[in-house]
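The residues making up each chain are set out below.
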Amino acid sequence: MLVARVIVVAVLAALSSVYVLAGAPGTALVFAVQCLLTFRPRSLWLVAVQAVLVCWVTLGSGASVVVLGFLAGSLLVTRLWAVAPLVVFGAVVIAYARTGDVPRTLDLAVTTVLMTLIVPGLIRLVQRVDELHGTRPALAAAAVGEERLRIAAELNDGLGRGLSAIIAGVRRAVAAPAGAGVVLGAVVAEARRSLAEARTAAAGYRALSLGPELTTARGMLEAAGVAVEVRAGHEEPLGPAGALLAAVLREAVTDVVRRGAARTCVIETAEEGGRVLLRVRDDGRRTAEDGDGLADLAAQVRAAGGELTSDLSPQGRYTVRAALPAPEAGGPDRAGLGLASVDVSVWLLAAVLVGFSLKALLLIPPHLLLPAAATLAVIVVMQLRSVTGRHMAALSVMAVLTFAPIPVFGPVWLGVGGFLAGPVLLAFRPWVAWPLAGAVVAATGAVAVRLDLPLPESVNVTVSNLVTGLVVYSLLRLAQLARELEAARESLARSAVVEERLRAARDLHDLLGHSLAAILLKCELARRLPPERARAELADVLAMAERAEHDLRAVSGEHRDLSLAAEADAARATLAAAGVEVTAELAHPPLPPEVETALSAVLREAVTNVLRHSPAARRCSIVTTSGDGGLVRLTVRNDGARAVTARRGSSGLGNLTTRLAALGGHLTTGVEDGRFALEARVRASDPAALGGDAHGVGTVARV
């Protein structure tokens, strides 16, 4: 990522500037090569160029031996890493030869080692950030793949065996008509069990997420003419809490629609204090009485360790509030899906802080060494806390420990000011942070002057604190960036798994559920027919069961495109078995596969609804048309419809709304004069691909 490289270049520039200001302009060339090595760390010819420049700067120009740390650090990330300790040892020898002072040599040795650690650490950090950024899609795909395998194992173990038993039973009934009644009885029982299992599995996959219910709620309210606003502030998946909150949301929205007096409704979710919160607020109430549904749900919510309340504000806003314990971050519902790795950035930051602290301790009088070490240890711990967020208490402690000990430890403590400047830059907005950090650095310079230090030393203290502050800030920011990317990567993987579960739930309900319901209906019919007529129905059952096996593979993740024409044929056969006359007029031109698959799923659900909720239906029409800009409409109408009542646990509307919304489409339903109408509208992704007249109708297929 560009941000990481900019930060690394800033750190290297800050480190190099110290030696440029000290009278070694050749260090700027070393810095330039080091920046190139950040992008190509294993380039031996760049390392060779850097070696020549470093030797020229240190031996030819008399620059500090610390510059050799750049070369040693670069060597550590190549196959010549064993040479790095020799370079550091050479720096120590040169330093002692120049100064003859052991304390000064130790100080330079520590600084060189520190530089040797910083350079490869920065290179590794850039690589780490790039890896985290680049492997996000791969991790999400891997998580989805694992989830598909798990779903496939679960479904094949139950539904797969059930379908095999149905197919085997139907074949036995066809082969031995005399005993077909008993065999078909067992087949009907198996079909009923499989259908219940499919619905239970679909509900289980949906229960982990509140997202589908939010989509369903929006669709229901918009269809009822209520202006709705949804503010989702929770993190998926929610596990069992999601199932209960979904039930509360469904009941609250159903109540709003049933009353028919609301004009606006706001739905909010949030996570606060280890709990997941749901609020549904509307303006359609005149009294604050609770509905029976909410009263029933309140007991379930309390049993789960939560609470469910409702009240009416003086402004006439009725609010339903539900709160449940959130899944634990490390629990099965939110287990990290990413790669658990050592946080290189934090280790590097800790090494740098300890190195700077050791440099300061080398100059502390022996009798003050223990309290100084303890104070610096507290500062290092406070610094490391800055990686995980903004901690004002820690910042306050560092501010006190930066200036208060100066009268005790003397001028040597002035270098600690850089430790404070770094976190200050991270804790506030730029327009506040930079002036504050500047004030910290300036304050250390002013104290140096106040302590009667020579001007060069006062300037050196000020510049050193500035550089230290920039280095610490950059390392803190890199550490945060790495953690943010890790969290984002795992969040993406979790979202992908949730979406895969929801896809499986939709397909279970819309595809496999429909097939099993049709199989059950056909088998019941075959049991009541004479053997010669039952054979034709059983042939249809075999075809449906084979299609259901294909549906099961599709639910398990195998891509399958559906055909509207094939679904219309299946609808005719299924509804005819229930005594419903079907008229189908398919006047749509060729459609993109994803559009036709979505509309086919809508048609399946519509047929299932006719069978389940319109037992008096005798006629059903299926019509597709196309209009301006490639807009395609699928309309399914049937008579014998009952008054619209919301069904608890229903997921059909949410599934269809989600499928169409993914393609920019819409779904509307309604009952008028005993006729139920469902209309799906979706625009083809490529209108030109529809061909023909913009208003024209393709070949009409009548079934």
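The residue numbering used here restarts from 1 in each chain and proceeds along that chain's sequence as written. With the structure being a predicted model, the display of local features is reserved for residues of pLDDT at least 70 and the display and counting of side-chain atom pairs for 80 or more, all residues being used for whole-chain, interface and lining totals. Side-chain metrics rest on all non-hydrogen atoms present in the structure, leaving aside hydrogens and water.

Numbering goes from the N terminus for both helices and strands, where a helix is a DSSP run of H or I of at least four residues and a strand is a run of E of at least two. In terms of helices and strands, the protein carries 22 helices and eleven strands. Each residue gets one of three labels from its accessible area relative to the maximum for its type: buried under 20%, exposed over 50%, partly exposed in between, using a 1.4 Å probe on protein chains only. Looking at the protein as a whole, 50% of its 703 residues are labelled buried. Within the protein, contacts between residues separated by at least 24 positions form 74% of all contacts whose residues are at least 6 apart in sequence. When the accessible surface of the protein is split by element, carbon and sulfur atoms take 62% of a total near 31400 Å². Whether two residues are in contact is decided by their heavy atoms: any pair within 4.5 Å suffices. The protein chains shown are the only cover counted for residues, whose accessible areas, like all others here, come from Shrake-Rupley with a 1.4 Å probe.

Moving on, we come to the pairing of strand 9 (residues 666-672). Two faces make up the sheet, and in a regular strand the side chains alternate between them. The pairing of strand 9 with strand 10 (residues 675-683) spans seven bridges and is antiparallel. Within strand 10, the position partnered with L667 by the bridge is A680. Between the end of strand 9 and the start of strand 10, which pair antiparallel, lie two residues, with D673 showing a positive phi angle near 55 degrees. Note on pairing: DSSP must find at least two bridges between two strands before they are called paired.

A few words now on the sheet that holds strand 5 (residues 318-325). The five strands lie next to each other as 1-2-3-5-4, forming an open sheet whose pairing is mixed. Looking at the sheet topology across the chains shown, the edges are occupied by strand 1 (227-231) and strand 4 (307-312). Neighbour-to-neighbour, the strand axes of this sheet turn through a mean angle of 10 degrees, independent of strand direction. In this analysis an axis means a line fitted to C-alpha atoms, helices contributing only their contacting stretch, and an angle means the value between N-to-C directions, from 0 to 180 degrees.

All right, on to a nonpolar patch on the surface then. On the surface, a cluster of nonpolar side chains totalling about 480 Å² of accessible area is made up of Y96, V102, L106, L362 and L363. Here Y96 shows up in helix 5 (residues 84-99). Patch members must show over 30% relative accessible area and no salt bridge, and they are joined within 9 Å when carrying like charges or within 5 Å when they are nonpolar side chains of Val, Leu, Ile, Met, Phe, Trp or Tyr. In the sections that follow, a salt bridge refers to a side-chain nitrogen of Lys or Arg positioned within 4 Å of a carboxyl oxygen of Asp or Glu.

Under the counting rule described, the total for this entry stands at 20 salt bridges. Of the charged contacts, one joins R193 and E190 as a salt bridge, the two residues approaching to 2.5 Å between their closest N and O atoms. Here R193 pairs with E190, and both are found in helix 8 (residues 180-207), just three residues apart, close to one helical turn. Notably, a salt bridge pairs R259 with D255, separated by 3.2 Å at the nearest N-O pair. Within this pair, R259 and its partner D255 are both found in helix 10 (residues 240-259), separated by four residues, close to a single helical turn.

As for its position among the elements, T624 is in strand 7 (residues 619-626). With relative accessibility at 1%, the residue T624 sits in the buried group. Any N or O atom pair separated by 3.5 Å or less is treated as a polar contact, with the protein-specific requirement of one donor-capable and one acceptor-capable atom, and with residues adjacent in sequence counted only for side-chain atom pairs. Looking at T624, its side chain comes within polar contact range of the side chain of H588, at 2.9 Å. For T624, the residues in contact, after removing those within four places along its chain, are L564, E585, L586, A587, H588, R633 and L634.

Phi is positive for D452, close to 65 degrees, though the residue is something other than glycine. Exposure remark for D452: the relative accessible area of 68% places this residue in the exposed category.

Let us now look at the nonpolar core. The tendency in soluble globular proteins is for nonpolar side chains to be buried as a group. Remark: nonpolar core denotes a set of buried residues (Ala, Val, Leu, Ile, Met, Phe, Trp, Tyr, Cys) joined through side-chain atoms within 4.5 Å. Residues L15, F70, L122, L376, I379, W413 and F419 are the most contacted members of the largest nonpolar core, which totals 86 residues. Residues L159, L184, A198 and L520 belong to the second largest nonpolar core, which totals 39 residues.

Here we come to the packing of helix 2 (residues 27-39) against helix 3 (residues 44-60). Any two packed helices are characterised by the angle at which their axes cross and by the distance between the axes. Interhelical geometry of helix 2 versus helix 3 gives an angle of 160 degrees and a closest axis separation of 9 Å. Taken together, the axes of helix 2 and helix 3 lie roughly antiparallel to each other. Pair helix 2 / helix 3 crosses with left-handed handedness. Facing T27, L29, V30, V33, Q34, L36 and L37 of helix 2, the residues of helix 3 in contact are L46, V47, V49, Q50, L53, V54, W56 and V57. In terms of residue class, the contact of helix 2 with helix 3 is made up of twelve nonpolar, three polar and no charged. Roughly parallel means an angle under 35 degrees; roughly antiparallel, over 145; roughly perpendicular, 65 to 115; everything else is oblique. Here is the rule for handedness: rotate from the far helix to the near one, and if that takes an anticlockwise turn smaller than a right angle the crossing is left-handed, while a clockwise turn gives right-handed. Residues are grouped as follows: Ala, Val, Leu, Ile, Met, Phe, Trp, Tyr, Cys and Pro are nonpolar; Asp, Glu, Lys and Arg are charged; every other residue, Gly included, is polar.

Another aspect to go through is helix 13 (residues 369-385). Between the first and last C-alpha of helix 13 there are 24 Å, a value that for 17 residues agrees with the 24 Å anticipated at 1.5 Å per step. All of the buried residues in helix 13 are A372, T375, L376, I379, V380, M382 and Q383. Buried residues of helix 13 fall within an arc of 165 degrees about the axis and therefore sit on the same side. Multiplying one less than the number of residues by 1.5 Å gives the expected span of a helix. Think of the arc as the fan of directions from the helix axis to the C-beta atoms.

For the rest of this paragraph, the subject is the packing of aromatic side chains. In this description, a pair of aromatic rings is defined by centroid distance and the angle of the planes. Side-chain rings of Phe, Tyr and Trp (the six-membered ring for Trp) are treated as a pair once their centres are within 6.5 Å; stacked means planes under 30 degrees apart, edge-to-face means over 60, and tilted covers the remaining angles. According to the stated counting rule, one finds two aromatic pairs in the structure shown. Measuring from ring centre to ring centre gives 4.7 Å for F409 and W413, while their planes differ by 35 degrees; the resulting arrangement is tilted. Here F409 matches W413 in class, with each residue buried.

Further remarks concern helix 3. Think of an α-helix as turning once every 3.6 residues; residues three or four places apart then point the same way. With 17 residues, helix 3 ought to run about 24 Å at 1.5 Å a step, and its terminal C-alpha atoms sit 23 Å apart, in line with that. Within helix 3 the residues assigned to the buried category are L46, V47, Q50, L53, V54, V57 and T58. End-on view of helix 3: buried residues confined to an arc of 125 degrees, all on one side of the axis. The exposed residues of helix 3 that point more than 90 degrees off its buried face are W45, V52, L59 and G60. Elements in contact with the buried residues of helix 3: helix 2, helix 4 (68-76) and helix 5. G62, located one to two residues past helix 3, shows a positive phi value of around 75 degrees.

Our focus in this paragraph is the side chain of T111. Along the chain, T111 falls in helix 6 (residues 102-134). Not counting the four nearest positions on each side in its chain, T111 is found in contact with Y19, V66 and K359.

As a further point, take the confidence of the model for the protein. Confidence of the predictor at the level of single residues is given by pLDDT, which spans 0 to 100. Looking at the protein as a whole, the pLDDT averages 79, with 84% of positions reaching at least 70. Low pLDDT, under 50, characterises residues 329-342; the predicted model gives this stretch 30 contacts beyond four residues in sequence or across chains. Contacts for the low-pLDDT stretch residues 645-649, under 50 throughout, to residues beyond four places or in other chains number ten contacts.

Right, let's talk about the environment of L508 for a bit. In this structure, L508 sits in helix 18 (residues 455-528). Between the alpha carbons of L508 and D551 there is a distance of 8.2 Å; along the sequence they are 43 residues apart. In this view, L508 contacts L155, L159, A198, A201, A202, Y205, G513 and V555; residues no more than four positions away in its chain are not counted.

All right, on to the packing of helix 3 against helix 4 then. Helix 4 packs onto helix 3 with a crossing angle of 160 degrees between their chain directions and a minimal axis gap of 9 Å. Between helix 3 and helix 4, the angle falls in the class roughly antiparallel. The interaxial crossing formed by helix 3 with helix 4 has left-handed handedness. Across the interface between the two elements, V47, Q50, A51, V54 and T58 from helix 3 touch L68, F70, L71, S74 and L75 from helix 4. Partitioning the contact of helix 3 with helix 4 into residue classes produces seven nonpolar, three polar and no charged.

Where strand 1 meets strand 2 (residues 264-272), five bridges bridge the pair, whose relative direction is parallel. Note on strand 2: the bridge partner recorded for V228 is C265. As paired elements, strand 2 and strand 3 (residues 275-282) share eight bridges and run antiparallel to each other. Each residue of the ladder has a partner; that of C265, found in strand 3, is D282. If you look at the hairpin formed by strand 2 and strand 3, you'll find two residues sitting between the two strands, and G273 has a positive phi there, around 55 degrees.

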